[in-house]
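# Fold and contact review
Below, each chain spelled out in residue letters.
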Amino acid sequence: MAESAAPDIVRQHLIDPEICIRCNTCEESCPIDAITHDERNYIVIPGKCDNCNACIAPCPTGAIDSWRRVPRAQMYTADEQLAWDSLPAEREGAAPGGDADLPPEVERIVAAASAGQGGDSPPPWSAAHPYINLYTTARPAEATVSGNLRLTGDGATSDIRHIVLDFGTIAFPVLEGQTIGVLPPGADEHGRPHHPRLYSVASPREGERPRYNNVALTVKRVTEDHDGRPVRGVASNFLCDLAKGDKVRVIGPFGTSFLMPNHPGANLLMVCTGTGSAPMRAMTERRRRRIALAEGGRLMLFFGARSPEELPYFGPLQKLPAEFIDINFAFSRVSGEPKRYVQDRIRERAADVAAFIADPDTYVYVCGLKGMEQGVAQAFADAMRETGGEWEALLPELRKQGRYHLETY
Ligand code: NAP
């Protein structure tokens, strides 16, 4: 019968290894564990993915939005995908009609997700247009180090650095809240090039030094893993050891959601821990440079670190006028003092926080350790409840309006 002879073509969901920055977001967002990884690649397990697309929008790079039409019997296996350095070309004859063959409902979901890469919340309505994926692992931009300054105090256990990269004549437009990928030189134990690592831009859009086409990063030297075992972070040690004049290969920029509002009168509520302060520093600096314009809008910051010595940008932050930014530090390891997290400080300021969030011109940003996500949401919920508000009802609205943004690792 002619019909049964037609090949059974499927649209196989894949991850582009050239763009993927191995941030684990897709694996975390897959509700049926259809995404896995080894030390090299992230892949979609063939035959397991049910095309729910929950992973598409959160991906900061769009690498997850990769598809190939293949005969069902010839789907790319997990082993094949784990060995890839780049996606295979579309097989000849496997793509009759291209994506126009998709059910309209799937078409719609994929198109909407691609448009919203970088988060499941839209950006603030007044955010500037972000550029993404201008440079890839196959075609990275080369930047020159123009500064590498230790931010942590002499007594600090961590080495956190403010690293400035100059792009010279290369166009590398970034916005506050976007990230860039760094390609460490050399190869891993399998002889394959190291995969990129993602860092938030810590400088405002017009440059660390205005009109100098440079960006700053906040990088902590990784010397131990999450369980305290000694490890040497490949990219962080490479970056922290850089000297002025050294070259760095950079990809990106990435991110279309965690962006700041541009309209006069917009308020920023920023909550961060450790190096999660990078985007907050970028946004604060953008607003600081515009103080003279008297555009209105307030800034409120909750910033957690082990101690003042471990807190990046502690000195400069304290010099900002109180009428410009309302700063609340939370130190967790100061001898003789109780352990304090950002969520404790949010609860102490419950009335102010609740009133601030209720203002339709307030945009909330949370960045730092994965563990704080839940605790901070709970603190917001407690603050709202104390003042008669209902966080559970408000949160979906905030997200829909691009007013609540999370970036945690
Ligand atoms: P850290 O020094 O390990 O921790 C900072 C503070 O957060 C400490 O006071 C810590 O307290 C506290 N903390 C721990 N668990 C918490 C929780 N559940 N809720 C609230 N506070 C908590 O931080 P870090 O090493 O700098 O890590 C910052 C995170 O930001 C990393 O995950 C990093 O990947 C991420 N990030 C970095 C960048 C960048 O561009 N570099 C950008 C975005 C995000 P104790 O440890 O004393 O308990």
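Computed from a prediction, not measured in an experiment: that's the story for all the values here. (Residues numbered from 1 in each chain as written. Predicted model: local features only at pLDDT ≥ 70, side-chain atom pairs only at ≥ 80, totals over all residues. Heavy atoms only, no water.)

## Re the site of the ligand
- Surrounding the ligand, one finds 23 residues, the nearest of these being T218, K220, S332, R333 and Y341.
- S200 places a main-chain nitrogen or oxygen 3.0 Å from an oxygen atom of the ligand.
- S332 is positioned such that a nitrogen or oxygen atom in its side chain is 2.6 Å from an oxygen atom of the ligand.
- When the ligand is considered free in solution it has 920 Å² of accessible area, and contact with the protein chains removes 84% of it.
- Tallied by class, the residues present in the shell around the ligand amount to 8 nonpolar, 11 polar and 4 charged.
- Each of domain 2 (141-254) and domain 3 (267-408) contributes no fewer than three residues to the shell around the ligand. (Near = heavy atom within 4 Å. Polar contact = N/O pair within 3.5 Å; in protein donor to acceptor, adjacent residues only side chain to side chain. Areas by Shrake-Rupley, 256 points an atom, 1.4 Å probe, with all protein chains shown as cover. Nonpolar A, V, L, I, M, F, W, Y, C, P; charged D, E, K, R; others polar. Domains from an automatic or database assignment.)

## Quick look at the domain arrangement of the protein
- Once the domains are mapped, the protein shows domain 1 (9-114), domain 2 (141-254) and domain 3 (267-408).
- In this structure, domain 1 and domain 3 have C-alpha centres spaced 36 Å apart.

## Considering the sheet that holds strand β12 (residues 299-305)
- As summarised here, the arrangement of the 5 strands in space is β13-β12-β11-β14-β15, forming an open sheet in which the pairing is parallel. The open sheet terminates on both sides in strands that have one partner only, identified here as β13 (325-331) and β15 (404-408). Averaged over all pairs of adjacent strands, the angle between strand axes in this sheet comes to 10°, irrespective of strand direction.
- Where strand β11 (residues 267-273) meets β12, 6 bridges bridge the pair, whose relative direction is parallel. Bridge pairing in β12 places L268 opposite L299.
- In the packing of helix α9 (residues 350-358) onto the sheet, contacts are made with β11, β12 and β14 (362-368), and the angle to β11 comes to roughly 125°. (Pairing = 2+ DSSP bridges. Helix = DSSP H or I, 4+ residues; strand = E, 2+ residues; numbered from the N terminus. Axes fitted to C-alpha atoms, helices over the stretch in contact; angles between N-to-C directions. Contact = heavy atoms within 4.5 Å.)

## Digging into the nonpolar core
- If you look at the biggest cluster of nonpolar residues, it comprises 25 residues, and the most contacted ones within it are L269, V271, V353, F380 and W391.
- Of all the elements in the fold, those that place two or more residues in this core are β11, β12, α8 (342-348), α9, β14, α10 (372-386) and α11 (391-400).
- The contacts of F380, once residues within four sequence positions are left out, are L269, V271, I346, V353, I357, V364, V366, W391 and Y404. (Core = buried A, V, L, I, M, F, W, Y, C linked by side-chain atoms within 4.5 Å. Buried < 20%, exposed > 50% of the residue type's maximum accessible area, 1.4 Å probe, protein only.)

## What about the packing of aromatic side chains?
- All told, the structure shown has 9 aromatic pairs when counted by the stated rule.
- Taken together, a centroid distance of 5.3 Å and an interplanar angle of 40° make the contact between F380 and W391 tilted. Of this pair, F380 sits in helix α10 while W391 sits in helix α11, and the two are 11 residues apart along the sequence. For the pair F380 and W391, a shared accessibility class is recorded, and that class is buried.
- Ring geometry for F380 and Y404: centres 6.3 Å apart, planes at 75°, overall edge-to-face. Within this pair, whereas F380 is found in helix α10, its partner Y404 is found in strand β15, the two being separated by 24 residues in sequence. Y404 matches F380 in its accessibility class, with the two residues each being buried.
- An aromatic cluster is built from Y135, F167 and F172, whose rings are joined through pairwise contacts.
- Geometry around W67 places R11 over its ring, the cationic atom sitting 4.1 Å from the centre. (Phe/Tyr/Trp six-rings, centres within 6.5 Å; stacked < 30°, edge-to-face > 60°. Lys NZ or Arg CZ within 6 Å of the ring centre and 35° of its normal.)

## Examining the pattern of salt bridges
- Across all of its chains, the model carries 27 salt bridges by this definition.
- Measuring nitrogen to oxygen at the nearest pair gives 2.9 Å for the salt bridge that ties D159 to R221. Taken together, the residues span a long stretch of sequence, with D159 in the loop between β5 (141-150) and β6 (160-166) and R221 in the loop between β9 (214-220) and α5 (234-240) at a distance of 62 residues.
- Exposure remark for R221: the relative accessible area of 18% places this residue in the buried category. (Salt bridge = Lys/Arg side-chain N within 4 Å of Asp/Glu carboxyl O.)

## A short note on the packing of α10 against α11
- Interhelical geometry of α10 versus α11 gives an angle of 120° and a closest axis separation of 9 Å. Classified by the interaxial angle, the pair formed by α10 and α11 is oblique. Contacts between α10 and α11 involve A377, F380, A381 and M384 on the former and, on the latter, W391, E392 and L394.
- Classifying every residue of the contact of α10 with α11 by side-chain character gives 6 nonpolar, no polar and 1 charged. (Parallel < 35°, antiparallel > 145°, perpendicular 65-115°, else oblique.)

## With respect to the packing of α9 against α10
- At a minimum axis distance of 8 Å, the contact between α9 and α10 shows a crossing angle of 95°. Between α9 and α10, the angle is such that the two are roughly perpendicular. From α9, A350, V353, A354 and I357 reach across to α10, where they touch F380, A383, M384 and E386.
- Residue composition of the contact of α9 with α10, by class: 7 nonpolar, no polar and 1 charged.

## What about the sheet that holds strand β8 (residues 197-200)?
- On the basis of which strands lie adjacent, the open sheet formed by 6 strands has the order β8-β7-β10-β5-β6-β9 and antiparallel pairing. Each of the sheet's edge strands pairs with one partner strand only, and the pair in question is β8 and β9. Across the sheet, the axes of successive neighbouring strands diverge by a mean angle of 40°, strand direction being ignored.
- Pairing analysis gives 6 bridges linking β5 to β6, with the strands arranged antiparallel. Residue R150 lies in a different strand from β6, and its bridge partner there is R161.

## Remarks on the confidence of the model for the protein
- Confidence along the protein averages 88 in pLDDT terms, with 91% of residues attaining 70 or more.
- Within the model, the stretch residues 94-119 combines pLDDT values under 50 with 47 contacts to residues more than four positions away or in other chains. (pLDDT = per-residue confidence, 0-100.)

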